[in-house]
Amino acid sequence: MRSSLAPGVWFLRAFSRDSWYRGFILLITFLIYTCYHMSRKPISVVKSRLHHNCSGMIQPISDTHRLNDTTWCNWAPFDQSNYKELLGAVDNAFLVAYAIGMFISGIFGERLPLRYYLTAGMLLSGLFTSLFGLGYFWNIHALWYFVLIQICNGLVQTTGWPSVVTCVGNWFGKGKRGLIMGIWNSHTSVGNILGSLVAGVWVDEQWGLSFVAPGIITAVMGLVTFCFFIEYPEDVDCSPPQYHGELEENVDNAEDPGNGPHSNRENGLESAVTLSKEPSAQPAAISFFGALWIPGVVEFSLCLLFAKLVSYTFLYWLPLYIFNVVHFSAKESGDLSTLFDVGGIAGGILAGLISDYTNGRATTCFVMLILAAPMMFLYNYVGQSGISISIVMLLICGALVNGPYALITTAVSADLGTHKSLKGNAKALSTVTAIIDGTGSIGAALGPLLAGLISPTGWNNVFYMLITADILACLLLCRLVYKEILGWRSSLSRDRGSSVALTHARSKDSESGRSVVLGKCFLRGRSCCEDGRGKASGPNTSQRSPRGFHGLGDSPPEGDHQA
């Protein structure tokens, strides 16, 4: 006697081969960019260790510093009074290089195999992240060393984002792109959380390991990428997604007898095989200025500049803010700052879900950015009055700040990269993603720089700067929000018009159907039932009508009946 099929096997059979491959692509790209962000986070945790008040610590007897020196435990050159400016310079070395490199990276990403491109980028990112931490073990105190390492790391990390977004765009159509990419984009926050936790393990003892450990993990993930990364669904005989141009072409040819459901599947498989066998048939890559002409690219790029300015200022300066204002230890400040990223996970998913339901990407970003401004103001003034309030407000601020940032860098970039004006040419996806994220990275560089310059005048001024940037991001979306509102109004008008037309058509069909039935009854010479369904109602029915045949006159003569 055989047992029934195991529940796990039922689960495996519930999904098609294409679905399993698509799930695998989401997982591996998720892990790839989680490692990228994990390697960026340690600097924000280690900042509070590079410079802090040493008066409460026991000074070693063999130390060369003065007896009352409160900076003896700091790491030179960050032991000076201008340490905030120096730390800001280290941050900006990475961010400026990242912003500049991003505009170039997208162009390379469209013209090079993504598997090799990502593998090289991850191996080099792991190398430079580890070299920053090795400065602790090699006892390096030269500012130029840390700045140079950050510049190199910023350049090689630009290989990540255009590549993973292009890959996901190659595998997934428009569909539920906002929700799928909202969940997928949580890799940014997960990477920040893991980076904070890993760095926090060694920050109070050997802070160099806070960089070496994430660097090794990133390099190992680079080797996994080389072994398992799949760029196109056609490479493994999976069906490619449909873009705007393909959908419109299918609609135009819907009446063609060769475009039935079975022939569509066969044609899709044939085209997939053809594309995989004939790479020369692929469309040419779009130019940089050609991508700028795609509607919405400029507005969303500038909006992301200010949204990313806010997000990256929190990313790089929130642990130090908590350390200075709440007076937690370096590890506790790093752990508490992860709540901002936890809120960012929920915000990204919520933004994607709402934008899918409403079909309003710009409006979703606009509303969340509007709500973020007062929440940042409240967090600065009342968020530190208690640990419970601080936790709640960090979660809310993280959701409202990172939600629009996540939506623009994922679903919006993929939408614009497969815009209907491109007529199905998905080769623009990497360039569009690089333009949007590259422009945003300019804001990511400005935010920490401004925070480093403004923070000596007081943390209140830093939050005023963040609120101003948030409002400017909202203003840049006004035209797109207006367009979406007009689109909703026209859609509602069409729905009302179609419902009225459908009701009118049904009433006309009912009347014509009744007329046909009555005509048949007239030809048969028998009276019909009152419901107009053409059934004879019996010999006594004709007597109920004063005219014998429901107002059409008396029964027809014998000749007509024979006819």
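Conventions we followed
- Here the residue numbers are simple positions, counted from 1 along each chain's written sequence.
- Reporting in this predicted model follows two pLDDT cut-offs: at least 70 for local features of residues, and 80 or more for side-chain atom pairs to be given and counted; totals over whole chains, interfaces and linings ignore these cut-offs and use all residues.
- Side-chain calculation: all heavy atoms of the structure are included, whereas hydrogens and water are not.
- Axes here refer to lines fitted to C-alpha atoms; in helices the fit is confined to the stretch in contact. Angles between the N-to-C directions go from 0 to 180 degrees.
- Secondary structure elements are taken from DSSP: a helix is a run of H or I of four residues or more, a strand is a run of E of two residues or more, and numbering for both begins at the N terminus.
- Each angle receives one of four descriptions, namely roughly parallel if under 35 degrees, roughly antiparallel if over 145, roughly perpendicular if within 65 to 115, and oblique otherwise.
- Crossing chirality is assigned from the near helix's rotation relative to the far helix, an anticlockwise turn below a right angle marking it left-handed and a clockwise turn marking it right-handed.
- Pairs of residues are marked as contacts when any of their non-hydrogen atoms sit within 4.5 Å.
- Note on residue categories: nonpolar means Ala, Val, Leu, Ile, Met, Phe, Trp, Tyr, Cys or Pro, charged means Asp, Glu, Lys or Arg, and polar means any other residue, Gly included.
- In summary, the pairing rule links any two rings of Phe, Tyr or Trp, Trp by its six-membered ring, whose centres are within 6.5 Å, and it sorts them by plane angle into stacked for under 30 degrees, edge-to-face for over 60 and tilted for everything else.
- For every residue, the accessible area (1.4 Å probe, protein chains only) is compared with the maximum for its type, and the residue is labelled buried under 20%, exposed over 50%, or partly exposed between those bounds.
- Note on criteria: charge over ring means Lys NZ or Arg CZ within 6 Å of the ring centre, with the direction from the centre no more than 35 degrees off the ring normal.
- Salt bridges are counted wherever a side-chain nitrogen of Lys or Arg sits within 4 Å of a carboxyl oxygen of Asp or Glu.

Colleague: Quick question: what am I supposed to make of the packing of helix α3 (residues 42-50) against helix α4 (residues 83-111) here?
Modeller: Packed helix pairs are characterised by how far apart their axes lie and by the angle those axes make with each other. Packing of α3 against α4 leaves a shortest axis separation of 11 Å and a crossing angle of 160°. Considering the angle they form, α3 stands roughly antiparallel to α4. Note that α3 runs across α4; the crossing there is right-handed. For the pair α3 and α4, contact is made by Ile 43, Lys 47 and Leu 50 and by Leu 87, Val 90 and Asp 91, respectively. Classifying every residue of the contact of α3 with α4 gives four nonpolar, no polar and two charged.

Colleague: Explain the packing of aromatic side chains here, please?
Modeller: How two aromatic rings sit relative to each other is set out by the distance from centre to centre and by the angle between their planes. Applying the stated criterion across every chain, the model contains 27 aromatic pairs. Where Phe 15 meets Trp 20, the ring centres are 5.6 Å apart and the plane angle is 70°; that geometry is what we call edge-to-face. Relative accessible area serves as the criterion here: at 39%, Phe 15 is assigned to the partly exposed category. Given a relative accessible area of 38%, Trp 20 falls into the partly exposed group. Connected via pairs of aromatic rings, a cluster forms that spans Phe 78, Phe 132, Tyr 136, Phe 137, Trp 144, Tyr 145, Phe 146, Trp 207 and Phe 211. Above the face of the Trp 10 ring, Arg 13 is positioned so that its terminal group lies 5.7 Å from the ring centre. Over the ring of Phe 226 we find Arg 115; its NZ or CZ atom is 4.8 Å from the centre of that ring.

Colleague: It is not clear to me how the pattern of salt bridges should be interpreted in this structure. Could you clarify?
Modeller: Opposite charge on two side chains permits pairing when their charged atoms draw close. One pass over the full model with this rule turns up five salt bridges. We note a salt bridge from Asp 91 to Lys 47, for which the minimum N-O separation is 2.4 Å. One end of the pair, Asp 91, is in helix α4; the other, Lys 47, is in helix α3, with 44 residues separating them in the sequence. Taken individually, Asp 91 and Lys 47 each receive the classification buried, so the pair is uniform in this respect. Measuring nitrogen to oxygen at the nearest pair gives 2.4 Å for the salt bridge that ties Glu 299 to Arg 479. Residue Glu 299 is located in helix α14 (residues 297-325), and its partner Arg 479 is located in helix α20 (residues 478-524); the two are separated by 180 residues in the primary sequence. Residue classification places Glu 299 among the buried positions, given a relative accessible area of 17%.

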